[in-house]
Amino acid sequence: MYKISNSGWIEIIVGPMYCGKSEELIRRLRRVRIARQKTQVFKPALDDRYDKSNIVSHSGDSIEALAVDHPEGILQRVGEETKVVGIDEAQFFHQRLVSAAEELADRGKRVILAGLDRDFRGEPFGPVPDLMARAEYIDKLHAICVNCGEPATRTQRLLDGEPASYDDPVIMVGAEEVYEARCRHCHEVKK
Ligand code: ADP
Ligand code: ZN
C-alpha cells in the first residue's frame, strides 16, 4: 500500500477507542520487520494501563515499545540506521510531537503514528489534528457502536454508568471511568 522510498514521510492512523489503531500500527511494524528494516517504537510514559514496555491492542496483539515522556525523548533516541518510527497514543504527547514527527520525516524516516482524533467530548485531541494536516497519509478507522451496531467514530466516557460532563478533565489517570465506542447519534456528553 505504501511505497518504499528513500525519503521520509508521516502516516497517521486515527479513530475512536477500539477502532483498531494499535492493531494496525502493530501490523505495519511487523511488515517492516519482515522487510528487515530497523524500527523503533514509542508510547507516552503516562499510559501505563498495560505493560510498560509494550503496545497491547484490545485483541491482545503486542509489540515492544519504549515509554517516553516528551517528544524530545523520541528525537534523542532514534538512530541513524532506523528506517521506521512507530508512535502509539499520539494524543497524549505534547504539541511538540508535531515538529518532532516533521523532523524525523525530514531526516528520511517513515513515521507511523496512531492516536485518538477526538477526546470523550468529541473535540479534536492534542497534537493529532495538527499531525493529520501534515501527514502524507491518513487512515481514519471506525469501531462498532456498542449501542446500535453502526460504525462508531466517537469515544463515550461513562462515570458510574452515566455519560461524563463536558467540563470533566480530558485525561483522568487512574479514575474509575469506562470508555466505549459509539456513533455520532448515540454519543452523549452532559453539558
Ligand atoms: P484501538 O487502538 O483503536 O483502541 P485496538 O487495536 O486496541 O483499538 O483494538 C481493536 C480490537 O478491539 C478489535 O479488533 C476488536 O477485537 C476489539 N473490540 C472491542 N470492542 C470493539 C468495538 N466496539 N468495536 C470494534 N472493535 C472492538
Ligand atoms: Zn450508535
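Scroll up to find the structure.
This report concerns the structure included in the present document. Values in this document were obtained by computation on a predicted structure and should not be read as measured data.

## Some remarks on the sheet that holds strand β11 (residues 154-159)
Strand pairing in a sheet takes place through backbone hydrogen bonds and is either antiparallel or parallel in direction.
Then comes step 1: With antiparallel pairing, 3 strands are arranged side by side in an open sheet as β12-β11-β13. Two strands in the sheet have a free side with no partner beyond their single neighbour: β12 (162-163) and β13 (178-182).
Then comes step 2: Looking at chain direction, β11 and β13 are connected through 5 bridges and run antiparallel. Each residue of the ladder has a partner; that of L158, found in β13, is V178.

## Looking at the packing of aromatic side chains
Then comes step 1: Applying the stated criterion across every chain, the model contains 2 aromatic pairs.
Then comes step 2: Between the aromatic rings of F92 and F125, the centroid separation amounts to 5.9 Å while the plane-to-plane angle is 90°, which identifies the pairing as edge-to-face. Of the two residues, F92 is situated in the loop between β6 (84-87) and α3 (97-106) and F125 in the loop between β7 (110-116) and α4 (128-134); the sequence distance between them amounts to 33 residues.
Then comes step 3: For F92, a relative accessible area of 21% puts it in the partly exposed group.
Then comes step 4: Just above the ring of Y166 sits the side chain of R121; from NZ or CZ to the centre is 4.8 Å.
Then comes step 5: One Lys or Arg, R157, reaches over the ring of F120 and ends 3.8 Å from the middle of that ring.

## A closer look at the coordination of the zinc ion (ligand 2)
Then comes step 1: Bound to the zinc ion (ligand 2) on the protein side are C145 (SG), C148 (SG), C183 (SG) and C186 (SG), at distances that span 2.3 to 2.4 Å.
Then comes step 2: With 4 donor atoms in place around the zinc ion (ligand 2) and angles of 100 to 119° between them, the coordination shape is tetrahedral.
Then comes step 3: For the zinc ion (ligand 2), all donor residues lie on one chain, and their spacing in sequence is C-x2-C-x34-C-x2-C. Taken together, the positions of C145 in the loop between β9 (143-144) and β10 (151-152) and C186 in the segment after β13 put the pair 41 residues apart, joining distant regions of the chain.
Then comes step 4: For C186, a relative accessible area of 8% translates into the label buried.

## Side note on unusual backbone geometry
Then comes step 1: The backbone of Y18 shows a phi angle near 75°, a positive value even though the residue is not glycine.
Then comes step 2: In this model, D160 sits at a positive phi of 50°, which is unusual for a non-glycine residue.
Then comes step 3: Considering the arrangement of structural elements, one finds D160 in the loop between β11 and β12.
Then comes step 4: Since its relative accessible area comes to 79%, D160 is described here as exposed.

## Details of the state of the cysteines
Then comes step 1: Under the counting rule described, the total for this entry stands at 0 disulfides.
Then comes step 2: There is no disulfide at C19, and the cysteine sulfur nearest it, in C145, is 14 Å away.
Then comes step 3: Of the residues examined, C19 reaches a relative accessible area of 11% and is grouped as buried.

The rules we used
Residues numbered from 1 in each chain as written. Chains lettered and ligands numbered in written order. Predicted model: local features only at pLDDT ≥ 70, side-chain atom pairs only at ≥ 80, totals over all residues. Heavy atoms only, no water. Pairing = 2+ DSSP bridges. Helix = DSSP H or I, 4+ residues; strand = E, 2+ residues; numbered from the N terminus. Phe/Tyr/Trp six-rings, centres within 6.5 Å; stacked < 30°, edge-to-face > 60°. Buried < 20%, exposed > 50% of the residue type's maximum accessible area, 1.4 Å probe, protein only. Lys NZ or Arg CZ within 6 Å of the ring centre and 35° of its normal. Donors = N, O, S within 2.8 Å, 3.2 Å for Na, K, Ca; no water. Tetrahedral: all angles 85-135°; square planar, octahedral: opposite > 155°, others 65-115°. Disulfide = S-S within 2.5 Å.

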